[in-house]
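# Structure at a glance
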Amino acid sequence: MATSVLRFLPWSVPAKTQPQRPAELIAEFADLMHFYRAELPSFRPAQYARIQQKNPAQAAQIDGLISALLILDGLLTARAELIAQRPARLPQAELADYKVTPEHFIQQTVDFAWRRLCERYVRRSRDLLQASAPLGKPWLRGMPYRLSIARAEQVLRQIQVDPAVAYQGATKRAWVDELTASARIAWRTLTGRR
C-alpha cells in the first residue's frame, strides 16, 4: 500500500488531509514556500498554539519538519498532477533552469537534468530535516520525531540513489522501513551520534 510522506508526521493528522492544489502554476521557489506556509496549520499538532507560546524555537522546528515533508511530497506527486493536467507543486523557474520538461514526467526520463533537480529537492528537504533534528533530543519524548526524520531520510536516500523513485508518487509502506529507521535511531542514540 502506498502512503504519502506526510503520514510520517509524529502526531495524528486526519487521513483525508492533503495539501491544497495551487490554483495556477507556481513561478518561483519563494512562491512555493509562501504556498506551503498557508498549508502549515492543516498539518500542525493539536497542541501547537501552546508549544508556540511556551517555546517558539520548537514551534519553528515543527514547521520546518512539516515544510520538509511538503517539499518532498510536492516532488513525489508532481508526475500525477501533471498527467492529470493540474498545476504541480514545483516552481516553473526551476524546471526551466534545470531544463526539465513535461516530457520528463510523462516518459519518466532520468537524465542529468532530472538528477540535478532531484538532488536540489533532496538537499532542501534534508536541510529542513536537520534544522528540525533538535525536536528529537529528549530521549523518550523525542523518539517519534527521530523516527519521522529517519523515515523521511530513507525516502531521500532512495531518490538520491535512484531518481526514478521520485516519479512513483508515494512510498511503499513496509514494516521493514520502520524497523530499519528504528534500528538507525537506536544506533545513533546508543553511540551518541547525531
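Here goes a summary of the coordinates provided.

Rules of the game
Per chain, residue numbering runs from 1 following the sequence as it is written. Only residues with pLDDT of at least 70 get local features here, since the model is predicted, and only at 80 or more are side-chain atom pairs given and counted; chain-wide, interface and lining totals rely on the full set of residues. In computing side-chain values, all of the structure's heavy atoms are included and hydrogens and water are not. Think of it this way: any DSSP run of H or I at least four residues long counts as a helix, any run of E at least two long counts as a strand, and we number them from the N terminus. Relative accessibility decides the category of a residue: with a 1.4 Å probe and only protein chains considered, values under 20% of the type maximum give buried, values over 50% give exposed, and everything between is partly exposed. We call Phe, Tyr and Trp rings a pair once their centres come within 6.5 Å, taking the six-membered ring for Trp, and we label the pair stacked below 30 degrees between planes, edge-to-face above 60, and tilted otherwise. In this scheme, Lys NZ or Arg CZ marks a charge over a ring once it lies within 6 Å of the ring centre and within 35 degrees of the ring normal. For this analysis, a nonpolar core means a set of buried residues of the types Ala, Val, Leu, Ile, Met, Phe, Trp, Tyr and Cys, connected via side-chain atoms within 4.5 Å. Pairs of residues are marked as contacts when any of their non-hydrogen atoms sit within 4.5 Å.

## As for the environment of Ala57
Along the chain, Ala57 falls in helix H3 (residues 56-83). Given the relative accessible area of 45%, Ala57 is considered partly exposed.

## A word on unusual backbone geometry
A positive phi angle, close to 60°, is found at Gln85, a residue other than glycine. Its place among the elements puts Gln85 in the loop between H3 and helix H4 (92-98).

## Remarks on the packing of aromatic side chains
Counted under the stated rule, the structure contains 5 aromatic pairs. Their ring planes at 50° and their centres at 5.9 Å tell us that Phe35 and Tyr36 sit as a pair that is tilted. Both residues of the pair, Phe35 and Tyr36, belong to the buried class. For the ring pair Phe105 and Tyr167, a centre distance of 6.1 Å and an interplane angle of 85° mean the geometry is edge-to-face. Residue Phe105 is found in helix H5 (residues 102-107), and its partner Tyr167 is found in the loop between helix H7 (143-161) and strand S2 (171-172); the two are separated by 62 residues along the sequence. Tyr167 shares its class with Phe105; the two are buried. Chaining the aromatic ring pairs together yields one cluster made of Phe105, Trp114 and Tyr167. The cationic tip of Arg124 hangs over the ring face of Phe29; the distance from NZ or CZ to the ring centre is 3.5 Å. Lying across the ring of Tyr121, Arg124 places its NZ or CZ 5.3 Å from the centre.

## Observations concerning the nonpolar core
If you look at the biggest cluster of nonpolar residues, it comprises 50 residues, and the most contacted ones within it are Trp114 and Ile159. Residue assignment for this core shows that the elements contributing at least two residues are helix H1 (29-43), helix H2 (48-54), H3, H4, helix H6 (112-132) and H7. With 12 residues, the top contributor of residues to this core is H3. Sequence-distant contacts of Trp114, that is, excluding residues within four places in its chain, are made with Leu75, Val100, His104, Phe105, Thr109, Pro163, Ala164, Ala166 and Tyr167.

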